[in-house]
Amino acid sequence: MEIKEPTHVVLISSPGLGHIIPVIELGKRFVVHHSFKVTILAVTSKTSRAESQIINKALSLYHLINIHPPDLTAHLHQNDRMVTRLCVMMRHALPAIRSTISKLTPRPSALIVDIFATEAIAIARELNVLTYVFVASHAWFLSLLLYSPFLHHKIQGQYVDQKEALKIPGCSPVRPEDVCDPMLDRSDTQYAEYLGLSNGIQQSDGVLVNTWEELQFKTLEALREGGLLSQALNMKIPVYAVGPLVREPELETSSVTDSVVCWLDEQPTESVVYVSFGSGGTMSYEQMNELAWGLELSGRRFVWVVRAPIEGAADAAFFTTGNKCNQVDEVVKYLPEGFVSRNKKVGLLVPEWAQQVTILKHRSVGGFVSHCGWGSTLESLTNGVPMIAWPLYAEQRMNATMLAEELGLAVRPKVLPTKKVVQREEIARMVREVVQGDDENAKTNRVRERMKDVQRSAIKASSEGGSSYVALSHVAKTIVGADGLN
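The protein chain has the name Glycosyltransferase in an unreviewed UniProt entry, where Psophocarpus tetragonolobus is given as its organism.

In C-alpha cells, the structure reads:
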C-alpha cells in the first residue's frame, strides 16, 4: 500500500522579527493541528542578531531555509525608508525563492506569502497551486491597505493635511495623523511601493489575518463577500481570521532573562510595569530622559529594556535588533544622573533586547509600556497585561487608537510620541493608572478588567472549536482538496 505524502505548504517571510515570528507560528499551526509538512523561506537582513537567533531555534522544528538577498547597494539609497527597503529586498530575492521552491519535495500544494512577498504569487501561478497572503497585523490595517488605491484617487494633497478622517466603507475611519508610515508622504518612494502591496494582495486566493472574529467582527464583516468594503473593492477572495498567532515562552532562556525572572519572582503580583519598544523602536535622548524621570516619579516597580537613544527615524533599529548587546553600564550614561542608584531596589534595566513573552507571562507584571507593534500587542493581550500605548512607526498609531479608544485595552499620552516629547508627569500618571501601588486598596481597573475579558476571548478563538481554529482548518481542507485535483 502506497503511503501518501503529507500536504506540503511553503511560507515566505520578509525580514524583521515582527514578520518572521508570526510566520513561524502560523507554520506551527499547520504542523501541529493538520499534520502538514511546512517549509519556511525566510528572507533575512543579515544584520539582526536577534533575527538570526529566532531562525536558528526554528530550524529544529521546521524545514526553514534562510534566503539572503543579493547585494542591494546599487538598488537602494541611504535615505530609503523601511517599506522601500523591504520591497526591494523581497523583489531581488525572487530568483532565489523560485530556485529553492523548484527543488523542494514533495511538490508544494500552496504558497503562503507575507504582504511584502506578494510578487511571489506569480511563482504559485507557474506551479498551478493555491496562494494565500498572510497579514501579520490586524483587520483594520488590512482594510486601510486595500482601500488605499481608492483614497489615492479620491484625495488630493497629503493625507496628513486632511481636515476630516479618512472614511473606509463599513470600517472605522482613520484619522489623518494615524495613517501608517508610507502614507505620511505621498512623494516618497515607499508610498508607491505600499500601493503595490495593496494590488498584490487581491491577486491571491485568500487572505489570512492575525486577528480573531470576536475582536474585530465589524471590520472582518466589511471585508467579506457582501460587506461594504468588499463591494467597494469588488473583492472576490475570502478573508480568514486565524489569530492570535503568538510565541510561547522559550524553554531555553538566556542568562539575562533568568536574572530578570529571578527579580520578578521577588515582586508582588501585578506590581511591575514592563517597558519595551519592540525590535526596532528607538527614541531621542530628551525623550529617554523624560521616560526615566516618569518611571521614577510613578513610584512603581519597572523592568526597562533600554537602548541607546537615536535622533531621527523611530524605526532605526529595525534591521539591527540585538546587535548592540551593550552592558547596562554603557546605556547608563544616557540616563539622568543618579537614576540607577536611586531606583536600584524598584527597577531593573535590560540592555537592548529581552525574551518578551517570558516576561509578560510572569505574575508580577501588571502593565506594559509598548510601541504597539501588533506582535507585542498580541503578546500583551494573550497574557492579560494592560498597555500604555506609545506608537512609533509602521501602523502603530492605528494600533494605539484602536487599543485605547475602541477596545479600551490601553491608555495613551495626549501627544503623539513621534511628534512631541511626552513629559515625565504624564508618563507617571499613565503608569499609576495601569499599575496599582502597594499602598492602594484593591480597586476596579476598567482597562485591566477589559483586558482579562479579551484574554479569555483570544484563548477561546485559538482553541479547538474556536473561530480561528475553525478558520485555519477550513484553509487546510481547501489546500488538501486542491492538492487532490492537481
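Another aspect to go through is the overall build of the protein chain. Broken down by element type, the protein chain carries 18 helices and 13 strands. Scaling as 2.2 N^0.38, a compact globule of 486 residues should have a C-alpha radius of gyration of about 23 Å, and the protein chain matches this with 22 Å. By principal-axis analysis of the C-alpha atoms, the protein chain measures approximately 70 × 60 × 50 Å. Sorting the 486 residues of the protein chain into buried and exposed places 60% on the buried side. Accessible area of the protein chain: about 20600 Å², with a carbon and sulfur share of 52%.

Looking at where Glu-311 falls in the secondary structure, it is placed in the loop between strand S9 (301–306) and helix H11 (328–332). In this structure, the C-alpha to C-alpha distance between Glu-311 and Thr-282, residues 29 residues apart in sequence, is 8.3 Å. Each residue touching Glu-311, except ones within four places of it in the same chain, is listed here: Ser-284 and Tyr-285.

Take the sheet that holds S9 next. In space, the 6 strands of this open sheet follow the order S10-S9-S8-S11-S12-S13, with parallel pairing throughout. Every interior strand has two partners, whereas the edge strands, strand S10 (347–351) and strand S13 (410–411), have only one. Relative to strand S11 (residues 365–370), strand S8 (residues 272–276) runs parallel, the two sharing 5 bridges. Across the sheet, Val-272 pairs through a bridge with Val-365, a residue of S11. Of the strands in this sheet, S8 and S9 are in contact with helix H10 (residues 285–298), which crosses S9 at around 165°.

What follows covers the side chain of Thr-257. Relative to the assigned elements, Thr-257 resides in helix H9 (residues 255–265). Not counting residues within four places of it along the chain, the set of residues in contact with Thr-257 comprises Gln-355 and Thr-358.

In terms of burial, S9 is largely enclosed, as 6 of its 6 residues are buried. The alternating pattern of S9 places Arg-301, Val-303 and Val-305 on one face and Phe-302, Trp-304 and Val-306 on the opposite face, and all of these are buried. Relative to S9, S8 is paired through 4 bridges, and the arrangement is parallel. Paired with Val-272 across the strands is Arg-301, a residue of S9. Read as a crossover between parallel neighbours, the route from S8 over H10 to S9 is right-handed. Relative to S10, S9 is paired through 5 bridges, and the arrangement is parallel.

Cut-offs and rules
- Residues numbered from 1 in each chain as written.
- Predicted model: local features only at pLDDT ≥ 70, side-chain atom pairs only at ≥ 80, totals over all residues.
- Heavy atoms only, no water.
- Helix = DSSP H or I, 4+ residues; strand = E, 2+ residues; numbered from the N terminus.
- Rg over C-alpha atoms; globule rule 2.2 N^0.38 Å.
- Buried < 20%, exposed > 50% of the residue type's maximum accessible area, 1.4 Å probe, protein only.
- Areas by Shrake-Rupley, 256 points an atom, 1.4 Å probe, with all protein chains shown as cover.
- Contact = heavy atoms within 4.5 Å.
- Pairing = 2+ DSSP bridges.
- Axes fitted to C-alpha atoms, helices over the stretch in contact; angles between N-to-C directions.
- Right-handed = clockwise from strand over helix to strand, strands pointing away.

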